[in-house]
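# Overview (structure and organization)
This is what each chain is made of:
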Amino acid sequence: MSLIELENVTYHYPFCKEPALRQISCTFEKGKFYGIIGENGGGKTSLCNLLRGLIPHFYRGTLEGRVTIDGTDVRDWNTGRLSARIGYVFQNPFTQISGIKPTVFEEVAMGLENLGLPKKEIVDEVLRVCKLLDIENLMEKSPNALSGGQRQRVAFASILAMDADILVIDEPTSQLDPQGTQDVFEIIHTLRGTGKTILLVEHKVDLIAEYCDEVLVMQGGQIVRKGPTAQVLADPELAELGALQPQVAMFGHAMAAAGKPLEEIPITLEQALRLVRRRRGEI
Ligand SMILES: Nc1ncnc2c1ncn2[C@@H]1O[C@H](COP(=O)(O)OP(=O)(O)OP(=O)(O)O)[C@@H](O)[C@H]1O
Ligand SMILES: [Mg+2]
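This paragraph deals with the packing of helix α5 (residues 104-114) against helix α6 (residues 119-132). At a minimum axis distance of 10 Å, the contact between α5 and α6 shows a crossing angle of 130 degrees. Here α5 lies oblique to α6, going by the angle between them. Judged by the twist between their axes, the crossing of α5 over α6 is right-handed. Two secondary-structure elements touch here, α5 through Phe105, Val108, Ala109, Leu112 and Glu113 and α6 through Ile122, Val123, Glu125, Val126, Leu127, Val129 and Cys130. Looking at the contact of α5 with α6, its residues break down into 10 nonpolar, no polar and two charged.

Following the criterion strictly, the structure yields four aromatic pairs and no others. Relative to Tyr59, the ring of Tyr13 lies with its centre 5.4 Å away and its plane at 85 degrees, an arrangement referred to as edge-to-face. With Tyr13 in the loop between β1 (4-12) and β2 (21-28) and Tyr59 in the loop between α2 (54-57) and β4 (62-69), this pair connects stretches of sequence that are 46 residues apart. Look at Phe58 and Tyr59: their rings are 5.1 Å apart centre to centre, the planes differ by 80 degrees, and that puts the pair in the edge-to-face class. Chaining the aromatic ring pairs together yields one cluster made of Tyr11, Tyr13, Phe58 and Tyr59. Here Arg52 stacks its cationic end above the ring of Tyr88, 3.5 Å away from the centre of that ring. Taking the ring centre of Phe28 as reference, the NZ or CZ of Lys226 above it sits at 5.6 Å.

The buried count for strand β7 (residues 166-170) comes to five of five residues, which makes it a mostly enclosed element. Burial of the side chains of β7 extends over both faces: Ile166, Val168 and Asp170 are buried on one face and Leu167 and Ile169 on the other. Where strand β6 (residues 86-89) and β7 come together, four bridges link them in parallel fashion. When the sheet's bridge partners are listed, Ile86 is paired in β7 with Ile166. Assessed by its sense of winding, the connection that carries the chain from β7 through helix α8 (residues 178-192) to strand β8 (residues 197-201) is right-handed.

Here β8 lies mainly inside the structure; five of its five residues are buried. Two elements, strand β3 (residues 33-38) and β8, share four bridges in a ladder whose sense is parallel. Directly across from Phe33, in β8, lies its bridge partner Ile198. With five bridges connecting them, β7 and β8 associate as parallel partners. Looking across to β8, one finds that Ile169 is bridged to Leu200.

On to helix α11 (residues 247-257), then. Since one α-helical turn is 3.6 residues long, residues separated by three or four positions face the same way. Turning to α11, its buried residues number three or more, namely Val248, Ala249 and Gly252. Buried residues along α11 cover an arc of 105 degrees about the axis, so they all sit on one side. Across from the buried face of α11, at angles greater than 90 degrees, the exposed residues are Gln247 and Ala257. Taken together, the buried residues of α11 touch α10 (229-233) and α12 (269-279).

Okay, the domain arrangement of the protein next. Per the domain assignment, the segments of the protein are domain 1 (2-245) and domain 2 (246-283). The distance between the C-alpha centroids of domain 1 and domain 2 comes to 33 Å. Taken together, both faces of the contact between domain 1 and domain 2 bury some 740 Å²; the carbon and sulfur share is 67%. The largest share of the area that domain 1 buries against domain 2 comes from Ala209, Ala234 and Gln245, three residues that together contribute 57% of it. In this structure, the connection of domain 1 to domain 2 is made through zero salt bridges. Linking domain 1 to domain 2 there are two residue pairs in polar contact (both at pLDDT 80 or more). Taken together, the elements giving at least two residues each to the side of domain 1 that touches domain 2 come down to α9 (205-211) and α10. Here the side of domain 1 that touches domain 2 takes four residues from α9, the largest share from any one element. Grouping the constituent residues of the side of domain 1 that touches domain 2 by class yields seven nonpolar, two polar and three charged.

Thresholds applied
The numbering scheme is per chain: residues are counted from 1 as the chain's sequence reads. Numbering of ligands from 1 and lettering of chains from A proceed in the order in which they are written. Thresholds applied to this predicted model are a pLDDT of at least 70 for local features of residues and 80 or more for the giving and counting of side-chain atom pairs; totals over whole chains, interfaces and linings are not thresholded and use all residues. For side-chain calculations, the full set of non-hydrogen atoms in the structure is used, while hydrogens and water are omitted. Axes, fitted as lines to C-alpha atoms, cover a helix only where it is in contact. Angles between the N-to-C directions of the axes lie from 0 to 180 degrees. Going along the chain from the N terminus, every DSSP run of H or I of four or more residues is numbered as a helix, and every run of E of two or more is numbered as a strand. Convention used here: angles under 35 degrees read as roughly parallel, angles over 145 as roughly antiparallel, angles from 65 to 115 as roughly perpendicular, and any remaining angle as oblique. Should the near helix be turned anticlockwise from the far one by less than a right angle, the crossing is left-handed, and should it be turned clockwise, the crossing is right-handed. Working rule for contacts: check all heavy atoms of both residues, and any pair within 4.5 Å makes them a contact. Lys, Arg, Asp and Glu make up the charged group, whereas Ala, Val, Leu, Ile, Met, Phe, Trp, Tyr, Cys and Pro make up the nonpolar group; the residues left over, Gly among them, are polar. Aromatic rings from Phe, Tyr and Trp, taking only the six-membered ring of Trp, are treated as a pair when their centres fall within 6.5 Å; an angle between ring planes under 30 degrees marks them as stacked, one over 60 as edge-to-face, and anything in between as tilted. Charge-over-ring placement is defined geometrically: NZ (Lys) or CZ (Arg) within 6 Å of the ring centre, and within 35 degrees of the ring normal. Here's how the labels work: a residue is buried when its accessible area is under 20% of the maximum for its type, exposed when over 50%, partly exposed in between, all with a 1.4 Å probe on protein chains only. Strand pairing requires that DSSP identify at least two bridges connecting the strands. We call a crossover right-handed when, viewed with the strands running away from us, the connection from the first strand over the helix to the second turns clockwise. Arc, as used here, means the arc of the directions from the helix axis to the C-beta atoms. Start and end points for every domain follow an automatic or database-based domain assignment. Take the accessible area each of two parts loses on contact, using a 1.4 Å probe, and add the two losses: that sum is the buried area. Think of a salt bridge as a Lys or Arg side-chain nitrogen and an Asp or Glu carboxyl oxygen that are within 4 Å of each other. For the purposes of these results, a polar contact is taken to be a pair of N or O atoms within 3.5 Å, where, inside protein, one atom must be able to donate a hydrogen and its partner to accept one; residues adjacent in sequence count only when each atom of the pair is a side-chain atom.

Here is the structure:
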């Protein structure tokens, strides 16, 4: 049994004629890191909403097919228990902040308080994640006074504090500068070694190439590609499917078109450099 299983899933938001998700069948295995890419409106966030149980519990609409998490149908999951299993980082960090806590420290602690943990444990855990995300200097600030990037870090810290074993992360770096983006990816990468299952929606495909085990491409509510990262990102049809391709993969295809193919299509810069050097007989 896979951790998450979808079987012929079609979902319509209320009063919508077109389905946001169409006939999706796929599985997600425990401990793997999945990247989800694809066009705007392709269904990525809807897929996340489904896995968090917001579809069908909150959004209603019509859900056909079967979705199981740990063998239990998503319709039968208690939403409170499901949200303790699945940590979620929103696409828009402004919606993630509760708005009811006066400081970042209390914001990050909120989920742990709701679990009724002893105060000392809560304080230690909040300090740990704030340190990890480099937001110790923000702990006494009001969450409402933060920039988008700072909010994203706070949102991330709140989720990490809850220690859920499945993380669904929807474009966590959309408000961050390149350094902040790299930092967040490094945090996600660290989490990978801890046995957590990670589903990451992200347009920055070079980072997906670097870190993910598998990649899914969504278009028109369907999963149009799913497979090992190197295989999916090297697919020459990626652009037609509405997804971005790593720049070095485009370079690999251009070399092939010019009659000078590399041994394989690279997806990371390091790999591209190695292939070019090998082609030139340097290694
Ligand atoms: N709350 C909603 N009510 C009705 N329709 C919705 C809702 N949310 C999304 N949709 C529609 O469902 C489809 C899939 O949207 P979704 O937000 O899942 O795509 P996405 O891949 O996350 O896009 P983006 O890259 O822009 O975030 C779109 O046609 C969108 O208009
Ligand atoms: Mg989205």
